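Structural description and commentary
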Amino acid sequence: MATDLLTETEILVLDHLLENGDQPPRMRDVANSTGLTYSHLSKIINQLETKDGYVRRSINPSDRRQILLTISKTGRSILEKAMDEERERMRMIIPKLTDNEKGVVAESITLFNKILDDIHEREGRP
């Protein structure tokens, strides 16, 4: 299973790179958006780049001190598989919840989305 190959943090990083595919983010941007420290993110990127080939680094042509990150075709594929597996698990779990539990989940998702919207707004993204 794809979810067995990726940690939640790796999925978070890959998802962020996929969302920003049209404008490859800098390492610092990814660290700030995901809440990871720069050194922790660097270790994750090393793993995703060297061992798995899921991420590519490039030098920013307008500022050679900056490293830009992009998700590779392989990274996109494994992320899509992991997300599909996650959705399938949710399809199995949701029917087993009580109405009250479903309400708690819905409220949590609303809260998460609000937090993400706030983050995107601060970053100047839609």
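Whatever comes next refers back to the structure up there.
Residues numbered from 1 in each chain as written. Predicted model: local features only at pLDDT ≥ 70, side-chain atom pairs only at ≥ 80, totals over all residues. Heavy atoms only, no water.

**Topic: the overall build of the protein chain**
Quick note on the threshold: Helix numbers and strand numbers start at the N terminus; a helix is a DSSP run of H or I with at least 4 residues, a strand a run of E with at least 2. Burial classification: accessible surface area is computed with a 1.4 Å probe over protein chains only, and a residue below 20% of its type maximum counts as buried, one above 50% as exposed, and the rest as partly exposed. We call two residues in contact whenever any of their non-hydrogen atoms come within 4.5 Å of each other. Per-residue and other accessible areas follow the Shrake-Rupley method at a 1.4 Å probe size, with only the shown protein chains counted as cover for residues.
What the protein chain contains, in helices and strands, is six helices and two strands. Going from N to C terminus, the protein chain has its helices and strands arranged as α-α-α-α-β-β-α-α. Projecting the C-alpha coordinates of the protein chain onto the three principal axes gives extents of approximately 55 × 35 × 25 Å. Within the protein chain, buried positions represent 30% of all 126 residues. In the protein chain, once contacts between residues fewer than 6 apart in sequence are set aside, the share between residues at least 24 apart is 51%. For the protein chain, the exposed area adds up to about 8600 Å²; of that, 54% sits on carbon and sulfur atoms.

**Remarks on the environment of S108**
Structurally, S108 is set in helix α6 (residues 99–123). Taking relative accessible area as the criterion, S108 reaches 29% and is therefore assigned partly exposed. For the pair S108 and T50, spaced 58 residues apart in sequence, the C-alpha to C-alpha distance is 36 Å.

**Description of helix α2 (residues 8–19)**
Let me state the cut-off plainly: The span you would expect from a helix comes to 1.5 Å times its residue count less one.
End to end, α2 covers 16 Å across twelve residues, agreeing with the expected 16 Å (1.5 Å per residue, within 8%). Taken together, the buried positions of α2 are E10, I11, V13, L14, H16 and L17.

**Comments concerning the pattern of salt bridges**
We count it as follows: Throughout this description, the term salt bridge denotes a Lys or Arg side-chain nitrogen within 4 Å of a carboxyl oxygen of Asp or Glu.
Evaluated as defined, the whole model comprises six salt bridges. Residues E86 and R89 are paired through a salt bridge, measuring 2.6 Å at the closest nitrogen-oxygen approach. Of the two residues, E86 and R89 both sit in helix α5 (residues 73–93), three residues apart, roughly one turn of that helix. For R89, a relative accessible area of 27% puts it in the partly exposed group.

**Quick notes on the pairing of strand β1 (residues 55–60)**
As a reminder, the rule being used: Two strands make a pair as long as DSSP finds a minimum of two bridges between them.
Summarising the sheet, β1 and strand β2 (residues 63–71) pair through six bridges and their orientation is antiparallel. Looking at β2, one finds that N60 is bridged to D63. Connecting β1 to the next strand, β2, in antiparallel fashion are two residues.

**Considering the nonpolar core**
Basically, it comes down to this: Working definition of a nonpolar core: buried Ala, Val, Leu, Ile, Met, Phe, Trp, Tyr and Cys residues. They are joined through side-chain atoms within 4.5 Å.
Within the largest apolar cluster, 20 residues are counted, with the highest numbers of intra-cluster contacts made by L6, V13, L14, L41, L48 and V55. Contributing elements (two or more residues each) for this core: α2, α3 (27–34), α4 (38–51), β2 and α5. Among residues more than four places away in sequence, those in contact with L48 are L6, E10, V13, L14, G53, Y54 and V55.

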